[in-house]
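Chain and residue survey
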Amino acid sequence: MAAEGDDDAELQRALELSRKEAEEKDAAERRSQENLARALQESKIDDQRNHQARKDEDEILKRVMAQSKAEAEEQEIKDQQLLQRIMTLSRNDQPKRKLPDDSNGRATVDVTSCWSMLSGNEDEKRGNPGNNRMLNYIALAYQVGLATTGGDKKQLLISGEPDCVRTAKYKLESIVANPTRFKAEFEEHCRKRVHVFVDNSNILIGGQYVQKASGMERDYSIRVNFPNVAKVVEMQRDAKTRFVGGSYNEELPNPKWVQDWKSVGYQTAALPISKRGEMGVDEVIQNQARNTLLNNVGSSEDQVLILVTGDGNQNDGKATFPDIVQQALMQPNSKWTVEIWSWKHGTSAKYKKLQDEYPSKVSLRYLDKFRLMLTWKSKPLQNPAHMMRHGRGRGGGRAG
């Protein structure tokens, strides 16, 4: 009996020891899980702190960029206001007062301090070919002639229409005052990626309408210099797409306009004129523009869609050029801006409405300012049949 009691006691001790070991094991496992939970919680807190820190940094960066942009916009507004005051004062000058030299369409600006930059000599010093891109840009943008005087002191002689001379003179004086700023602006301008689509017939016919005493009349002897149109609308920017669509009379299957555009790197699409007039040209141009938009979906690059047309017609229920503008603006995460270049009298009111609706995205620019370099006259023609086509609604009147 005593032996059995000893066995029971021994068994009881073994069970008690096993229970304690199990409890200690459970406690150790709980402590391990708690430590893991704490580590995960601390990691989560660190992640949240890091995320918040990054978010704070992004907010600070956004505020700095917004402030810089606001300062740049404020400076631009100040520049424009100053320019407006200068032009207003010039217009209000009384005859008895001595007029500035630019009142006669001529002015001079001393550009000695920044001549190396303006003339491209800086590029030559770095081993790159020298050029006059900046001067060419200024002459083109402000529609003036520029000439230099000899000697060590560089004077730029500005000539042209008085208003153009005044604005060009003001710009050159601002460049002399801050050449570094202008150089940065110019380089950023030249880097802009542009995609140009031209409605050839619209630009040709629109250019042939001139103001007469009786109103706008079409002069069939007027021709348009298409390479110069390209130079104006591209304005020395990085042209990634160049496309022009137009028509031709079947009796003249090799139209000169095709060769003119090809000579400056444009892809052309020429369709024959049917008995109903020009058919299908708008659709071809719009399809090319639409493909360009689709090919650049999601692009992080700022890009410019340039439509050279004033046409805003309904197009028999089909897509229109204003629809292409809307499509560019509605692209996902769109970084597109749109420029409409046209002759003022033949510009659809729809483009003005789009510009008013999207003032920071759409700009309407008129070719009329550049008429002297864009048009010339041939021998007078008496209303030739192969140039009639659509009349005013297509290119010469207020389309749409």
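Residues numbered from 1 in each chain as written. Predicted model: local features only at pLDDT ≥ 70, side-chain atom pairs only at ≥ 80, totals over all residues. Heavy atoms only, no water.

Once that is clear, we can look at the pattern of salt bridges. Across all of its chains, the model carries 11 salt bridges by this definition. The residue Asp 163 makes a salt bridge to Arg 166 at a minimum N-O spacing of 2.6 Å. Within this pair, Asp 163 and its partner Arg 166 are both found in helix α5 (residues 162–177), separated by 3 residues, close to a single helical turn. The partly exposed category is assigned to Asp 163, whose relative accessible area is 39%. (Salt bridge = Lys/Arg side-chain N within 4 Å of Asp/Glu carboxyl O. Helix = DSSP H or I, 4+ residues; strand = E, 2+ residues; numbered from the N terminus. Buried < 20%, exposed > 50% of the residue type's maximum accessible area, 1.4 Å probe, protein only.)

Our focus in this paragraph is helix α11 (residues 321–329). Buried residues of α11: Phe 321, Pro 322, Ile 324, Val 325, Ala 328 and Leu 329, and no others. Mapping the buried residues of α11 onto a view down its axis gives an arc of 155 degrees, with all of them on the same face. The inward-facing, buried residues of α11 abut β4 (193–199), α10 (281–295), β10 (303–308), β11 (336–342), α12 (349–357) and β12 (362–366). (Arc of directions from axis to C-beta. Contact = heavy atoms within 4.5 Å.)

The subject of this paragraph is the pairing of β12. The pairing of β11 with β12 spans 5 bridges and is classified as parallel. Note that in β12 the partner of Ser 342 across the bridge is Tyr 366. You can see the chain leave β11, run along α12 and come back into β12, and the turn it takes is right-handed. (Pairing = 2+ DSSP bridges. Right-handed = clockwise from strand over helix to strand, strands pointing away.)

As a further point, take the confidence of the model for the protein chain. On average, residues of the protein chain score 81 in pLDDT, and 75% of them are at 70 or above. Scored below 50 in pLDDT, residues 89–99 shows 4 contacts in the model against residues more than four places distant or in partner chains. Taken together, the stretch residues 385–399 has pLDDT below 50 and engages in 56 contacts with residues farther than four places along the chain or on a different chain. (pLDDT = per-residue confidence, 0-100.)

With respect to the helices and strands, Arg 106 occurs in strand β1 (residues 106–110). When the C-alpha atoms of Arg 106 and Val 165 are compared, they prove to be 6.6 Å apart, with 59 residues separating the residues in sequence.

Further remarks concern helix α4 (residues 133–142). With 7 of 10 residues buried, α4 is to be regarded as a mostly interior element. If you check which residues of α4 are buried, you get Met 134, Leu 135, Tyr 137, Ile 138, Ala 139, Leu 140 and Ala 141. A positive backbone phi angle near 55 degrees is found at Gln 143, which sits one or two residues after α4.

Time to look at the packing of α11 against α12. Contact geometry for α11 and α12: axes closest at 10 Å, N-to-C directions at 15 degrees. The angle between α11 and α12 places the two elements in the roughly parallel class. Classified by chirality, the crossing of α12 by α11 is right-handed. For the pair α11 and α12, the contacting residues are Phe 321, Pro 322, Val 325 and Gln 326 in the first and Lys 350, Tyr 351 and Leu 354 in the second. Broken down by class, the residue content of the contact of α11 with α12 amounts to 5 nonpolar, 1 polar and 1 charged. (Axes fitted to C-alpha atoms, helices over the stretch in contact; angles between N-to-C directions. Parallel < 35°, antiparallel > 145°, perpendicular 65-115°, else oblique. Left-handed = near helix turned anticlockwise from the far one by under 90°. Nonpolar A, V, L, I, M, F, W, Y, C, P; charged D, E, K, R; others polar.)

As a further point, take unusual backbone geometry. Positive phi outside glycine occurs at Gln 143, with the angle close to 55 degrees. Looking at the element boundaries, Gln 143 is found in the loop between α4 and β2 (145–148). A residue is classified by how much of its surface remains accessible, and Gln 143, at 18% relative accessible area, is buried. In the Ramachandran plot, Gln 236 falls in the positive-phi region, its phi being about 65 degrees despite a non-glycine side chain.

Moving on: the sheet that holds β4. Pairing between sheet strands relies on hydrogen bonds along the backbone, with the strands arranged either parallel or antiparallel. Taken in spatial order, the 6 strands of this open sheet run β9-β8-β4-β10-β11-β12, and their pairing is parallel. Both outer strands of the open sheet, β9 (267–272) and β12, are each paired with one neighbouring strand and no more. Direction aside, neighbouring strands of the sheet carry axes that sit 15 degrees apart on average. Summarising the sheet, β10 and β11 pair through 6 bridges and their orientation is parallel. Residue pairing in the sheet places Leu 307 in a bridge with Ile 340 of β11. In this fold α11 packs onto β4, β10, β11 and β12, with an angle of close to 160 degrees to the strand it touches most, β11.

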